[in-house]
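So you can see what is in the structure, the chains are spelled out below.
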Amino acid sequence: MNTPINDFLNKYNDSGLLRCHMPGHKGHTLDEADWLPYAIDITEIHGADSLFEADGIIRQSEENAAKLWGSADTLFSAGGSTLCIQAMLAAMKLEGRRGVAVRNVHRSFLNAAALLDLEVDWLIPDYSGGILSGRIDPEKAAKMLDEKSFLYVTSPDYTGAMADIPELSRVCKEKGAMLLVDCAHGAHLPFFETNMHPIALGADICCDSAHKMLPALTGGAMLHCSKPGYRDILRQCMSMFGSTSPSYLIMDSLDLCCRYVSQRIREDIRRSLHLIREFKERFSGQLLFTDGDPFHITIKAAQSGFDGRVLAEEMRKNGAECEYADRELVILLMSPVNTTGEYIQLSHVLAESLQNVPKAAPAALEFTLPVPEQVMSIRQAAFSPSEEIPVTSAEGRICASVKVPCPPAVPIAVSGERITSQHIALFQNYGIDTVLVVKEGGK
Ligand SMILES: Cc1ncc(COP(=O)(O)O)c(C=O)c1O
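Asks: How should helix α2 (residues 57-69) be read in this particular structure?
Replies: Counting along an α-helix, one turn takes 3.6 residues, and residues three or four places apart therefore face a common direction. Compared with the 18 Å implied by 1.5 Å per residue over 13 residues, the 18 Å span of α2 between its first and last C-alpha is a close match. Following α2 by one or two positions, Gly70 adopts a phi angle in the positive range, close to 70°.

Asks: Can you help me understand the pairing of strand β3 (residues 120-123) in this one?
Replies: Two faces belong to every sheet, and in a regular strand the side chains alternate between them. As defined by bridge partners, strand β2 (residues 98-102) adjoins β3 across 4 bridges and the pair is classed as parallel. By the bridge assignment, Ala101 is partnered in β3 with Trp122. For the segment spanning β2, helix α4 (residues 107-116) and β3, crossover handedness is right-handed.

Asks: Just checking my understanding: could you explain the site of the ligand for this structure?
Replies: Close to the ligand lie 14 residues; Ser81, Thr82, Asp182, Ser209 and His211 are nearest. At 2.8 Å from an oxygen atom of the ligand is found a main-chain nitrogen or oxygen belonging to Ser81. Interatomic distance of 2.5 Å between a side-chain N/O atom of Asp182 and a nitrogen atom of the ligand. Coverage of the ligand by the protein chains reaches 86% of its 390 Å² of free accessible surface. Counting residues per element, the ones that place at least two in the shell around the ligand are α3 (80-94) and α8 (210-213). The biggest single contributor to the shell around the ligand is α3, with 4 residues. When its residues are assigned to classes, the shell around the ligand shows 3 nonpolar, 9 polar and 2 charged.

Asks: Any chance you could explain the sheet that holds strand β11 (residues 324-325) here in plain terms?
Replies: Where strands meet in a sheet, backbone hydrogen bonds hold them as pairs that are either parallel or antiparallel. Pairing within the open sheet is antiparallel, and its 3 strands lie in the order β10-β12-β11. Only two strands of the sheet have a single partner each, and these edge strands are β10 (296-300) and β11. Each of β10, β11 and β12 (329-333) is contacted by helix α13 (residues 308-318), which is oriented at about 40° to β12, the strand it contacts most.

Asks: For this particular structure, what's the right way to read the packing of helix α11 (residues 265-282) against helix α14 (residues 340-356)?
Replies: Pairs of packed helices are described in terms of their axes, by the angle between the two and the distance that separates them. Relative orientation of the contacting elements α11 and α14 amounts to 15°, with a least axis distance of 10 Å. Classified by the angle their axes make, α11 and α14 are roughly parallel. Considering the relative orientation of α11 and α14, their crossing is right-handed. Here Arg271, Ser272, Leu275, Ile276, Phe279 and Arg282 of α11 lie close against α14, whose contacting residues are Thr340, Tyr343, Leu346, Ser347, His348, Leu350 and Ala351.

Asks: Explanation requested: the sheet that holds strand β7 (residues 178-182) in the structure shown.
Replies: Strand order in the open sheet formed by 7 strands is β1-β9-β8-β7-β6-β2-β3, and the pairing between neighbours is mixed. With one partner strand each, in any of the chains shown, β1 (73-77) and β3 form the two edges of the open sheet. Pairs of neighbouring strands in the sheet enclose a mean axial angle of 20°, with direction left out of account. Two elements, β7 and strand β8 (residues 205-209), share 3 bridges in a ladder whose sense is parallel. In the sheet register, Asp182 faces β8, and the bridge partner there is Cys207. Against the sheet, α2 touches β1, β8 and β9 (221-225), its axis set at about 125° to β1.

Asks: For this particular structure, what's the right way to read the pattern of salt bridges?
Replies: Side-chain pairs of opposite charge can arise whenever the charged atoms involved come near each other. Counting across every chain of the model gives 25 salt bridges. Among the salt bridges present, the one from Arg59 reaches Asp73, with a minimum N-O distance of 2.6 Å. Here Asp73 lies in strand β1 and Arg59 lies in helix α2, a separation of 14 residues in the sequence. The two residues Arg59 and Asp73 agree in class, both being buried. Overlapping salt bridges, with partners in common, bring together Arg59, Glu62, Glu63, Asp73, Arg231 and Arg235 in one network.

Asks: Whenever I open this one, the packing of aromatic side chains confuses me. Can you help?
Replies: The relative placement of two aromatic rings is captured by the distance of their centres and the angle of their planes. The full count for this structure, using the stated rule, is 7 aromatic pairs. Ring centres 4.4 Å apart and planes at 45° place the aromatic pair Phe109 and Tyr152 in the tilted group. With a gap of 43 residues between them, Phe109 in helix α4 and Tyr152 in strand β6 (residues 149-154) connect regions that are remote in the sequence. Residue classification places Tyr152 among the buried positions, given a relative accessible area of 0%. Clustering of aromatic rings is evident, with ring pairs tying together Phe109, Trp122 and Tyr152. Sitting above the plane of the Trp122 ring, Arg103 keeps its charged end 5.0 Å from the centroid.

Asks: I keep staring at the domain arrangement of the protein chain and nothing clicks. Help me out?
Replies: In many reports, interface size means the accessible area that the parts give up when they come together. Domain parsing of the protein chain yields domain 1 (4-263), domain 2 (267-356) and domain 3 (378-442). Taken over C-alpha atoms, the centre of domain 2 sits 32 Å from the centre of domain 3. Inspection of the domain 2/domain 3 interface yields 0 salt bridges. Across the side of domain 2 that touches domain 3, the residue classes tally to 1 nonpolar, no polar and 5 charged.

Asks: Explanation requested: the side chain of Thr43 in the structure shown.
Replies: Mapped onto the elements, Thr43 comes out in the loop between α1 (4-15) and α2. Accessibility expressed as a relative area gives 14% for Thr43, which makes it buried. Polar contacts involving the side chain of Thr43 include one to the side chain of Glu44, which spans 2.9 Å. With residues up to four places along the chain from it excluded, the contact list for Thr43 reads His21, Met22, Pro23, Ala48 and Tyr248.

Asks: So what exactly am I meant to see when it comes to unusual backbone geometry here?
Replies: A negative phi holds for most residues other than glycine; trans holds for most peptide bonds. For the bond running from Met22 to Pro23, omega is -5°, close enough to zero to count as cis. Counting through the fold element by element, Pro23 comes out in the loop between α1 and α2. Residue Ser155 is joined to Pro156 through a cis peptide bond whose omega torsion reads -5°. The topology assignment puts Pro156 in the loop between β6 and α6 (165-175). Look at Asp49: it is not a glycine, yet its phi comes out positive at around 65°.

Parameters at a glance
Residues numbered from 1 in each chain as written. Predicted model: local features only at pLDDT ≥ 70, side-chain atom pairs only at ≥ 80, totals over all residues. Heavy atoms only, no water. Helix = DSSP H or I, 4+ residues; strand = E, 2+ residues; numbered from the N terminus. Expected span 1.5 Å × (residues − 1). Pairing = 2+ DSSP bridges. Right-handed = clockwise from strand over helix to strand, strands pointing away. Near = heavy atom within 4 Å. Polar contact = N/O pair within 3.5 Å; in protein donor to acceptor, adjacent residues only side chain to side chain. Areas by Shrake-Rupley, 256 points an atom, 1.4 Å probe, with all protein chains shown as cover. Nonpolar A, V, L, I, M, F, W, Y, C, P; charged D, E, K, R; others polar. Contact = heavy atoms within 4.5 Å. Axes fitted to C-alpha atoms, helices over the stretch in contact; angles between N-to-C directions. Parallel < 35°, antiparallel > 145°, perpendicular 65-115°, else oblique. Left-handed = near helix turned anticlockwise from the far one by under 90°. Salt bridge = Lys/Arg side-chain N within 4 Å of Asp/Glu carboxyl O. Buried < 20%, exposed > 50% of the residue type's maximum accessible area, 1.4 Å probe, protein only. Phe/Tyr/Trp six-rings, centres within 6.5 Å; stacked < 30°, edge-to-face > 60°. Lys NZ or Arg CZ within 6 Å of the ring centre and 35° of its normal. Domains from an automatic or database assignment.

Here it is in structure tokens:
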């Protein structure tokens, strides 16, 4: 596969042209940072195209990506899925659509909703193992949708669980609603033997963080759409939120990801699936795992008789850093580029850790999220004067900006909602001690 962005950057660097343009480092490496790729960190010079008006090397690379991901159009983002989410929600706002969102959204959705003053109705999933994941009932979704709405789903979610996209797509089509998928955790999904990517399964617009599941630099993401004709509006919306100086290093890494995907990913996925199966089999007598994307190895710690936080701490001592851990879950996030040796190492670390971790099983978390009482709009609450108070004194107060640890950045109470004792119990379960609430009297 050709790599137009990478070719341009290397050619430009080899040309020796004097850089009378940004950035200020002029391609020189600082002594103390000689490993940083200053040489190919450029700006929108002649021939380098421009992300939000791409019709040259960036466009060519985006077209390569669209072919690989099977979309009608793909746009690059150097601002992560966060920027893609802002763009797709802005496009929905321009179409005058109301949002129906499955509640386990990432914080980036809420921030965008606040910036755009978006109206959102929450679809509460049937939770399993905490607030991160739950089954979505398509019939419930159907009742909330119409031709002036969109459905927003996170799939895979933070634990790797995947929604029934074909069924949700059917429901959305029936109602004339758009289906938007936050697929930040699923850039690799088209390249399994069976394509599991939301675009292939019927989503209209979807974002992938290439930096999460593919070897892209942090911030590299893609916004795919399955309908032709959305490119210009999505690009315009992206430019409303994105920096006017998107990083060429990030775009270069997306370009090279396309080559990696076209040449090697399928083989890497086949090899990895075998290793993941062996890994899980080794621990099958001791640990339970969730279903979903195989590269999210999610241990049901509490149900296996452990406190996930203690297990993760022990794994850190023994040489492996987990993606995320709470009482219920430990998430080991792997990717197609992990080597056989790394799976062997992980297996040793986990085996050793399990020998040292006490079987002090906390009871599995049972909870119901209260039916949200929206007292003011997300935007109004997020931009109101606020104060940070202990969660223990928050009952009855209105949630201002959402303050949740990242990862996983999934909200318990949302801006504008009244905080109840059930929220407070959940905050405490997730180790959240303080919340931002709207100041009373508006001061
Ligand atoms: C489910 C989900 N959506 C969106 C995002 C935002 O993605 P990015 O970090 O690429 O901006 C994240 C980040 O962790 C995420 O987990």
